Amino acid sequence: MIQIDGISFGYRRNRLYQDFSLQLAEPGVYGVFGRNGSGKSTLLKMLAGLLFPQRGRIRALGHEPRRRHPDYLAQVYLVPEEFHLPNLSARALARTHAGFYPRFSAAAFADYLRVFELADDHAFGEMSLGQKKKAAMAFALATFTPLLLLDEPTNGLDILGRDQFKDIVARPEQRQRTVLISTHQAHDLERIMSHILFIDTAALALSATMAQLSQALTMGVAPDAAALAAMPEPIYSEPMGDQRAYVAANPGQAAGTVHLELLCKALSRNKDGVLAALRAAQREPGHV
C-alpha cells in the first residue's frame, strides 16, 4: 500500500530524512511519533504529494505522489495541523468538495457531524477553532479515501471532542483504510492505534504493531524505588511523586501493558534498550 525506498529530504542544513525506508502493507491506524522537528508533518506532506523527496522514491496506492495524478489525489486526504476553511457551512463544503472524492458518503458525513454535535448550516466563520477542527475531521472521515493523513488531529479539541473523534475512527466502516496520524498526544489516541512508527535522527527507529510491543514490553507504575529495584532492570523510568513509572522488557507469557507516552520517552532516552527487548521477544517462541 505504501512503499518508501531510501528517500532523503531536508531544509537547507536541517536534514530530516537520510536513506529513509518504510513499507506499510495492511490497513490500520498508524501512529507517527518523534521529537519536534523530526519530520512527521513532512512525511505526511510527501505522501500527499505536496513535498517531494530529494532522493529516493515513494509509491502509495500504485502511484508516485509527486506526480499528483488525479486518480491518486482522489484516494488520499490530508488534514494538516493548521488549515483555513472558506466561510462556508458544512453543507456547502460537501456540495462543493465531495465530488473530488468518489467514495464520499453524505450519510456518513451527516452522521459524523451529529456525533460531533455540529449543525450543517452554520458557517465556519461563526465557529470556534475546535468546532472547525471537528467539521474538517467529519469531512475527512466521510471521504473514505483509502489513505487518510491526519496531522495532530486532536489539537484544539476538548475532552469530549477527542472521545468523539476516537469513537468514529474505531467504527467498522473505517477499518479498511490506512490512517496515518502524526501526533504528540500519545495518551489520547493509543486505544485506536494498531501500529507505531517512531522517527529519530533522520531514520525510522521503530516500526511495530501494538501486539508486538505488548509481547516485548511491560509498562506501569512501581509504588517506590525499592519495588522498582525488585523488577527486571527497567529500560526507562521516571518519578511520579513517590512512585516510579517504568518501561521494562516483558519477562512473562502474558501480554504487557503499553502506554504510548512512556514508550515515546523510552525511545527518546534509551532507543537501543527498547529495540533490544523487541528483538529478544521475536527470538523467543514461547512469548505471546
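Residues numbered from 1 in each chain as written. Predicted model: local features only at pLDDT ≥ 70, side-chain atom pairs only at ≥ 80, totals over all residues. Heavy atoms only, no water.

Teacher, can you tell me more about the overall build of the protein chain here?
Secondary structure assignment for the protein chain yields 10 helices and 12 strands. Against the 2.2 N^0.38 benchmark of 19 Å for 288 residues, the protein chain shows a C-alpha radius of gyration of 20 Å, consistent with a compact globule. Along the first, second and third principal axes, the C-alpha set of the protein chain runs to 60 × 45 × 40 Å. Of the contacts made within the protein chain by residues no fewer than 6 positions apart, 69% connect residues no fewer than 24 positions apart. Of the roughly 13,900 Å² that the protein chain leaves accessible, carbon and sulfur atoms contribute 49%. (Helix = DSSP H or I, 4+ residues; strand = E, 2+ residues; numbered from the N terminus. Rg over C-alpha atoms; globule rule 2.2 N^0.38 Å. Contact = heavy atoms within 4.5 Å. Areas by Shrake-Rupley, 256 points an atom, 1.4 Å probe, with all protein chains shown as cover.)

What's the story with the sheet that holds strand β11 (residues 234–240) in this structure? I'm lost.
Consider a sheet: its strands pair through backbone hydrogen bonds, and that pairing is either parallel or antiparallel. One open sheet holds the 3 strands; their spatial order is β10-β12-β11, and the pairing between them is antiparallel. Taken across any chain shown, the strands that pair with only one partner, and hence form the sheet edges, are β10 (217–222) and β11. The average undirected angle you get between the axes of adjacent strands in this sheet is 15°. Strands in contact with helix α10 (residues 260–283) are β10, β11 and β12 (243–249); relative to β11, the strand with the most contacts, it is inclined by about 160°. (Pairing = 2+ DSSP bridges. Axes fitted to C-alpha atoms, helices over the stretch in contact; angles between N-to-C directions.)

Is there a simple way to explain the sheet that holds strand β1 (residues 2–11) in this structure?
What the 3 strands build is an open sheet, ordered β2-β1-β4; its pairing is antiparallel. The open sheet is flanked by β2 (14–24) and β4 (55–60), the only strands paired with a single partner. Geometrically, the sheet is characterised by an average inter-axis angle of 25° between neighbouring strands, direction not taken into account. Summarising the sheet, β1 and β2 pair through 7 bridges and their orientation is antiparallel. Note on β2: the bridge partner recorded for Ile2 is Leu24. Across the sheet, helix α1 (residues 40–47) lies against β1, β2 and β4, angled at about 120° from β1, the strand it touches most.

How do you make sense of the environment of Gln23 when you look at a structure like this?
With respect to the helices and strands, the residue Gln23 is situated in strand β2. Each C-alpha atom, one on Gln23 and one on Arg59, is 9.7 Å from the other, the two residues being 36 residues apart in sequence. Setting aside its immediate chain neighbours within four residues, Gln23 contacts Ile2 and Gln3.

Looking at this model, I keep getting lost on unusual backbone geometry. Mind explaining?
For Arg68, which is not a glycine, the phi torsion comes out positive at approximately 50°. Of note, the phi angle at Glu117 is positive, near 60°, even though the residue is not glycine. Among the secondary structure elements, Glu117 is positioned in the loop between α4 (106–115) and α5 (129–143).

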